Each structure stands twice: as structure tokens, then as C-alpha cells.
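Summary of structural features
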There are 2 protein chains.
Amino acid sequence: MSNSKIVKRDVDFSKWYTSIITEADLIDYSLIKGTVVLKPYAWSIWKNIEKNLDKEFAKHNIENCCFPLLIPYEEFLKEKEHIEGFAPELFTVDRIGEEKLESPYVLRPTSEILFCYYFKNNVVSYNDLPIKVNQWCNVFRAEKNTRPFLRTSEFYWQEQHAVFSNKDEAIDFAYKIFDSYKYLLNNILCIPVLTGKKTEYEKFAGADFTLTLEAIMQDGQALQSGTSHYLGQNFAKSYDLKYQNSKNGYDYMEQTSAGVSTRLIGALIMTHSDDDGLILPSKIAPYQLIINTMFYEKNENVKNIVNVIENKLSNFSFKKNINDKSLGIKIQDAQIKGIPLQINIGPRDAENNKVEIFKRSTNEKIIVDIKKINDKFINDLLYEHDSIIYKRAQDNLNSKIQEVNSIEELKKAIQNAKVAFAYFDGNENDEKEIKILTSASTRCIVEQNKKGKCIKTGKLTNKKVYFARAY
Amino acid sequence: MSNSKIVKRDVDFSKWYTSIITEADLIDYSLIKGTVVLKPYAWSIWKNIEKNLDKEFAKHNIENCCFPLLIPYEEFLKEKEHIEGFAPELFTVDRIGEEKLESPYVLRPTSEILFCYYFKNNVVSYNDLPIKVNQWCNVFRAEKNTRPFLRTSEFYWQEQHAVFSNKDEAIDFAYKIFDSYKYLLNNILCIPVLTGKKTEYEKFAGADFTLTLEAIMQDGQALQSGTSHYLGQNFAKSYDLKYQNSKNGYDYMEQTSAGVSTRLIGALIMTHSDDDGLILPSKIAPYQLIINTMFYEKNENVKNIVNVIENKLSNFSFKKNINDKSLGIKIQDAQIKGIPLQINIGPRDAENNKVEIFKRSTNEKIIVDIKKINDKFINDLLYEHDSIIYKRAQDNLNSKIQEVNSIEELKKAIQNAKVAFAYFDGNENDEKEIKILTSASTRCIVEQNKKGKCIKTGKLTNKKVYFARAY
């Protein structure tokens, strides 16, 4: 069984991606280019990501709050590096009704400025530190070339900011959030990642260092899936974020920030899905399980078995599809939507107290006696589902990585849709040159015990770097 | 014990309101007039409201989704009544960076337009109906005179829209949501309400009828706390929302919409709080319970009892305040923040295995043996808390209502900060005249079995109407 509306991955990966999004009912395109409606199925996935990450954040005593969307344009001028990055992308409000504003507002491309004011307003002395806050919100960066979840003019993210009196504590916290993200990616989204620091060239401009999680898609391209920054005192100095220390003097605060966005849904799609549709990890799937029936109204056995199964299952988000459409269509629809498990009930199996279980991870069908079905049985199948899709993603990642020892080898690796792994200790210009030559950028640094020769400068270094084309 | 920073209600109700907001740490004022930061404590209250209402919505198979914030200005021109109401309040985006837009965008003051396009895109035939969707989001209406939660230029709400093939089903659904709101107000927020239809003059312009919930604040003013609209085919005709009916013809969809906003937090404050601070209902309080200690580090008894109590309680959102500040300050802080229950533990009580329980509903303190403390005990106290504050609010509401039989009586009642209840069957002009004379508006209609004389027209009518000044 295959769904003709979904483009095959090896025919056109990019069209495959957009066909999955349409067929799995994730978005509608909206009236303004680069904006989309997140339909209930997509919004539920994002909310499940939020729920899981909020649990991690709660462990670190991070509290959610909510900042205004509008920021005075003049505030952006205070941080020159900040404005340079965003200026051409800023949606700007010059008037209210017909009344022109004296000075314009912008729709937040990010909320650093408001977080800084928050810390300024709420910290007097070291007793008030640390403060750890987060917001889930929409942000705005006008994009010319847009693709759902990967690059849109309005997108959704969380931005987590914290201030500390102690540098080590701040750095430690940046790593803790990094670990929370890794847990989210690996254990909730079943996405293996390459991790490490960004190079000076690729790090967030306002940060002392940036930790990144890089997922590798089925086409060998990297997708930056979360970053955690140690900001040092950079913003603190621009925004005069001082506090009274224990010696009655004043110090600048130490700051961190971190974020993940709806790009993660793009990562989910391009990591797990196949030519039959979406495949979703069980912990963020809107429905972990669907019960599909044939002849529900006409056949007492079918009806009874649905009832029996419903009463047996208590811990899962599940859906029933018991209308009079064909069972084949229902199975295919659930397959396209990537629901981890289907319990399919037709009259013949029902007569024998059996049902068909369809495993989306492998598209395998098994016939099961209904006696076997209980919470533990389903739990085990969901665990198996997540293990299979994680393992497959890990195999894909492993198969893409290629050690290279020269620029020439790097170029070839990238041409072959690989992620190149090389000793590298170059500067910003070296990175730019390599990018022009190969269209690959550095993804992250992994420090080695053993030194090797930088593929660009020839110098000995203990830094190895992943290079890849990236979304 | 009283907190001097909180203004007394009978000295200045309005200043009391803003002092509660500041002292309970609910908001920071932000950089743009009319916008505020919802600090963690306020955001948690709003999120708890969201969680509770989402449960109600789930019972009606309403799904959450997410629409873009920006709407092309020209779309507003299609619905003349729609644009007239909002035109002077619209934040308008004319450019991106330095690039002028060919046609401007507005920040959504409401999302009717996008919901209509959603229904247009997702409905072909009667088989696709009903569709019931909701979004939780921020909306924008520039306000000159702003007050936190009551009137701000950016605020938060949910907007719930649905389309049906059947008129009766649509009307029935509008009442179902109305009932969900009533449940939220009465049972979750502990706020009694006056309910009924709005008059033609006060209803939502695009609706055939509007159902409203009106809470009565401690100062006798009404606060509209939720509305549910039957929109008929009004928007369907403007936006050409047709579907193929079962006879292969085409019909316009029947539509409903409904919403509540962060005004509810304003209603909470002005319904329950007192001169000592906020009082929060247990089901939306960020912390239902706080454990305050004296000499936690120095006194083993205190430490042990905290430990014992923590292990006994499993079902509550609670907080520990065990730092070395004075117990008096901790008690007062928890009182200002309206935490329903405090368990206060000092060395002397601890020695006797006793703790003090502070009930915020009455500011009463009781000494309790720790043996008595368990989930049921706390549950009962929270139930008592909610009952007391609901009863007090109901008594306030009852005490404010005054039957009136003439315009003169109505005027006096309003002057005395009452809600006037009168037979009324006037038209829009009659309402306007009464408003000019008394500064009261009609809040809702309650149909009576017995007819009486309209206080304005003198005609016999079975409609009685509540008049009040309103936030």
C-alpha cells in the first residue's frame, strides 16, 4: 500500500517534505507570504514538545512568563551587533489607525531587550539572583524564501534567559539547559544529535560561547535543533545590568540564554518519516494509538471489541475512527499521519476475538488475540516504536559521517551528501572560503585528545569539526 | 497584621486594584504604553485558566490550533462593520526594514477573518462539518487609557470558532460554550455571574445574538467575563463560506464564536481580594499551599516536620519558603500573594509536633497536630476556601442588586454603586439616553414569566434587564 500523493524521497526530497506536510494535515498556507496556520495536528505536536520541555525546565526552577510583542525600534539601536543582524527583517509598526507614531515599534525578532529590562527591574542585590525565566511565543523575521517549519516569517519558539552573580554557575547552567535539550531530542523526539560548541564565526554574536545540537536529516543536511548560550556580561554591559554584591560594591550580572523552535517539527519530519507519510515518536504524537474499524455499526462483534479494548487502555492518547468509511482508507490515513500504533478491527478477526496491530515504525502488521491487549502490552509496543525509529535515525547519522583529511576530500564528501569530520582550526575567513568552495558550514567542534593537522591551515590542533550543508 | 503598601479599598478602590497588582508581583510595566510583562505569578494563573478551560473544550471536541498574527489590511475592508469598530485601534505594519509594503498588514485585533478562511479551505461538503477550533493568543487594540488586565493594548485571550450545517446545532453549541464558561467562572474561579443575552445594542455587531457572563465587582461595577455568540450566516455570507449539502446543493455555513480574556484576572482580583492582598481560588492558584518556616537550618524539629509534611502531601502544587528571613515576613508575603493555605512552622510548635495553618479566605490561624495533616485534610481546607470566597462573592453580588421601577430609581441605584434590575424593552436610542443620564449600560436580559412596565417606554414587556456601570 502506498500513497500516491506523497512524493518519493529519492525522487525529490524537498517535494517529499512539503507533500508530507500537506498530506498529514499539518498546515494551511495563510494570506501573507511566509506565514502559515498551524492546524490542530501540528499545534498538538508543538504543545507536546512544550509540555515535555517545561517538565525539564521545572527541574531547574525556570518559570514561564510573557513579554510584550512590540519593542521600540530605538531600543535596538543600543546593541549595534544586534540590530545589524535583524534590520532588514524587521516588521515595523509606524502608525496606529491613521495616527503616525513618533517613533516606530518592531515586532520582536527575539526578546533579549525585554529580558534585559526585566532583570534590570527585578534585581537589586545578589539576594535576588539567580533569576531564570522562559517564554513560549511567536517571533518575526521577514524571510524571502520560506519553507514550513524550517523558515517562516512568523515562527514559534521558547526563549529562556537567566542571570547569575557567579560566572561558573552561569556556565554550568548553560550546560544544564544544553543537557535538557539533548534529553528532549534523544528521549522524547528520538532524534540523535551531534553536539558541541559553535566556532567563533558560527556562534551567536552576543555570546561568549554557543552550545549547539545538530540533527542530521535523511538527505545528509544538518538542522540546528537547539542552542544554549553563555552570554557572559555582554548584554549586561550594554543594558547596565548591575547588582549590589555581598561586599556592598556593584557587579555586572552573568547571563545565559537558550532556545528551540518549531524547526523541531521540520527535524522530526526529515528524521523519521518515509515514503508512506509522517512517522511520529510516541511521546509527542497527538494520538499514540488509533482504533480503526470496519462495519462498526453493523457488526456486534466489532462494536464489542472496540468497547473491550477501550476499557482496557487507560494511559494513552488514542482516537477512534469508527465511521463507515473503508478500513483501507482509515489505515492509510493513520499511516500518513504517523500514528505509532493502529488497532484495526474487521468482522472476520473480530469473530475470533482477534485484532490487527499495525506498527508504523516498520509498517508491519501482526494479528493479536484481544486477551493480550493491556496497558503494558501497548506500552511495550510504543517503547519498541521509539527504539526502532531512534536506531534508524542513529544508523542514518552514522552512515552520513565521513572522516576527511583535506579540503578536496571534504568537498567530495559534501557532494556525496555526507557530513565531513575534520581537524580544523581556521578563522572566520577560512570558514567563509570553505563555504564558498563546498557550500558546507561548520556545525560544531568536538575537542580531541589526539592532535591532528587542520585541513585548512595545516597547523596541529585538537579540534575536530563537523562540516555539513544545513537547513 | 496589615500591609501598608496596599491601599485600602474604601479609601480608593482603583488604587487598591493597582497596588494589589504590584505588591502581588503580577506585572511589570513595559517600554510601550499599554503593554505589560506578565510575570511568572500572573502567567501561571492565566495558564491554569487555560488548562481548565481546555478540559471543558475537549469535552466538546474542540481542537486548538494557531493562526498567524498578521492580517492584510485589505481583508478588513470586506466586512464594513468589522473595520469600523477597530480602525482607530489597529497597529499597522507599513514596512519591513526599510522596504515599504505594497499593502499594509495589521496586528490581529481578533482573528475572525483567518477563521473564515480556515473554514473555506477545509470544508467541501456537509461531511466535513462541524469544525470546532480554538486558539489561545495575543491580540492588539491600541488603547489610550489603560489598566492592567482590564484594558491593555496587547492582551491575551482564547477565540473559539465553529461552523455547522445545522442552525439548531449551532445555537445549541453557542449555549454549550456559554455553560462551559459558567462552569469556569463559578466552579474554578469561584465567581458568581449574572447571565443572559445582550441587548441588540450591546451584542457583538457580527452576531445574531450574544450570550454574556457578567461578574459584579466589590465596587458594584460589572465586568463582562465571557461571551458566546451565535453568528448565524453573517460572516458566511461576507466570506462566501458555502458547503455542498446532502442534496447536492450549496448552503451557507452556520457559525458560532466565543471568548474569554486576561480580563478574568482583573475579575479575580476585584471579586475576591481584600485590604491584605490578593485572594486566589484554589484551582488556579500557582501554589495552593506554602510551607513557611522559622529557623529551618538551625532547628532539627522544624526541618523534620517540613520533611514529614512534604512526604504526606502528593496532590497539591506547593512551595517551600525555608530561607532565613523572618516568619512574619513570609506569612505576610504569602498573604499578599493570596496563597489559599499556609503551613507555618516555628520551633515552639514544632517541638509539640504542631503547625499553624493560616487560611487566606478568612485570615484565620489554627494550630494543628501534624498527625492530622494528609491529602484529605488539605483537600477539605481547599474546598472550604473556595466555598467561603464563592459565598462572599455571591453575598456581594446579591447585596448590589436593586429592583427599580423608574429611570429616577435607576439613576439613584447606580449612584449608590448598585446594579439596577428593571423591566426594559427600549431600543438603542433608549439605551444611549439612559447611559448619558446614569452612566450605566445594559448588561444582560433575563426573560420573565410575568410582564411588567418598561421603565423607559412604559410598554408591557417580559424582559428584565440588569443595568450597571461597567469596566
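Here is a short report on the structure shown in this document.

Here is what the cut-offs are and how they apply
- Residues numbered from 1 in each chain as written.
- Chains lettered and ligands numbered in written order.
- Predicted model: local features only at pLDDT ≥ 70, side-chain atom pairs only at ≥ 80, totals over all residues.
- Heavy atoms only, no water.
- Helix = DSSP H or I, 4+ residues; strand = E, 2+ residues; numbered from the N terminus.
- Buried < 20%, exposed > 50% of the residue type's maximum accessible area, 1.4 Å probe, protein only.
- Contact = heavy atoms within 4.5 Å.
- Pairing = 2+ DSSP bridges.
- Axes fitted to C-alpha atoms, helices over the stretch in contact; angles between N-to-C directions.
- Buried area = accessible area lost by both parts, 1.4 Å probe.
- Salt bridge = Lys/Arg side-chain N within 4 Å of Asp/Glu carboxyl O.
- Polar contact = N/O pair within 3.5 Å; in protein donor to acceptor, adjacent residues only side chain to side chain.

With that settled, consider the environment of E428 of chain B. All names here are of chain B. Considering the arrangement of structural elements, one finds E428 in helix α14 (residues 428–438). Judged by relative accessible area, which is 41%, E428 ranks as partly exposed. Between the C-alpha atoms of E428 and H60, which are 368 residues apart in sequence, the distance is 35 Å. Those residues in contact with E428 that lie beyond four places of it in its chain are E200 and Y201.

Now for the sheet that holds strand β18 (residues 354–359) of chain A. Residues and elements named next belong to chain A. If you trace the five strands from one edge of the open sheet to the other, you get β16-β15-β17-β18-β19, paired in mixed fashion. Taken across any chain shown, the strands that pair with only one partner, and hence form the sheet edges, are β16 (318–321) and β19 (364–369). Within the sheet, the average angular offset between the axes of one strand and its neighbour, ignoring direction, is 20°. Sheet topology places strand β15 (residues 289–293) next to strand β17 (residues 341–345); five bridges connect them, and they run parallel. Across the sheet, the residue bridging to I290 is Q342, located in β17. Sitting on the sheet, helix α9 (residues 300–312) is in contact with β15, β16, β17 and β18, with an inclination near 150° to β17.

All names here are of chain B. Taken in spatial order, the five strands of this open sheet run β16-β15-β17-β18-β19, and their pairing is mixed. The open sheet has two edge strands, β16 (318–321) and β19 (364–369), and neither has a second partner. The average angle at which neighbouring strand axes cross in this sheet is 25°, direction not considered. Where strand β17 (residues 341–345) lies against strand β18 (residues 354–359), four bridges are found, and the strand directions are antiparallel. Bridge assignment links N344 to a residue of β18, and that residue is E356. Seen against the sheet, helix α9 (residues 300–312) touches β15 (289–293), β16, β17 and β18 and runs at an angle of roughly 150° to β17.

Let us now look at the interface of chain A and chain B. The interface of chain A with chain B comprises 53 residues on the first partner and 53 residues on the second. Buried area between chain A and chain B, summed over both chains or domains, comes out near 4,200 Å², and the portion from carbon and sulfur atoms is 61%. The largest contributions to the chain A side of the interface with chain B come from L31, I32 and C66 of chain A, which together make up 15% of the buried area. Counting the contacts that link chain A with chain B gives four salt bridges. Between E99 of chain B and K144 of chain A there is a salt bridge, and its shortest N-O distance comes to 3.8 Å. Run the count over chain A and chain B and you get 16 residue pairs in polar contact (both at pLDDT 80 or more). As defined by bridge partners, strand β5 (residues 91–96) of chain A adjoins strand β5 (residues 91–96) of chain B across five bridges and the pair is classed as antiparallel.

What follows covers the pattern of salt bridges. Overall, the coordinates contain 55 salt bridges over all chains when judged by the stated rule. Two residues, K359 of chain B and E364 of chain B, come together in a salt bridge whose shortest N-O distance is 3.9 Å. Within the structure, one salt-bridge network assembled from shared partners comprises D25, D28 and K39 of chain A.

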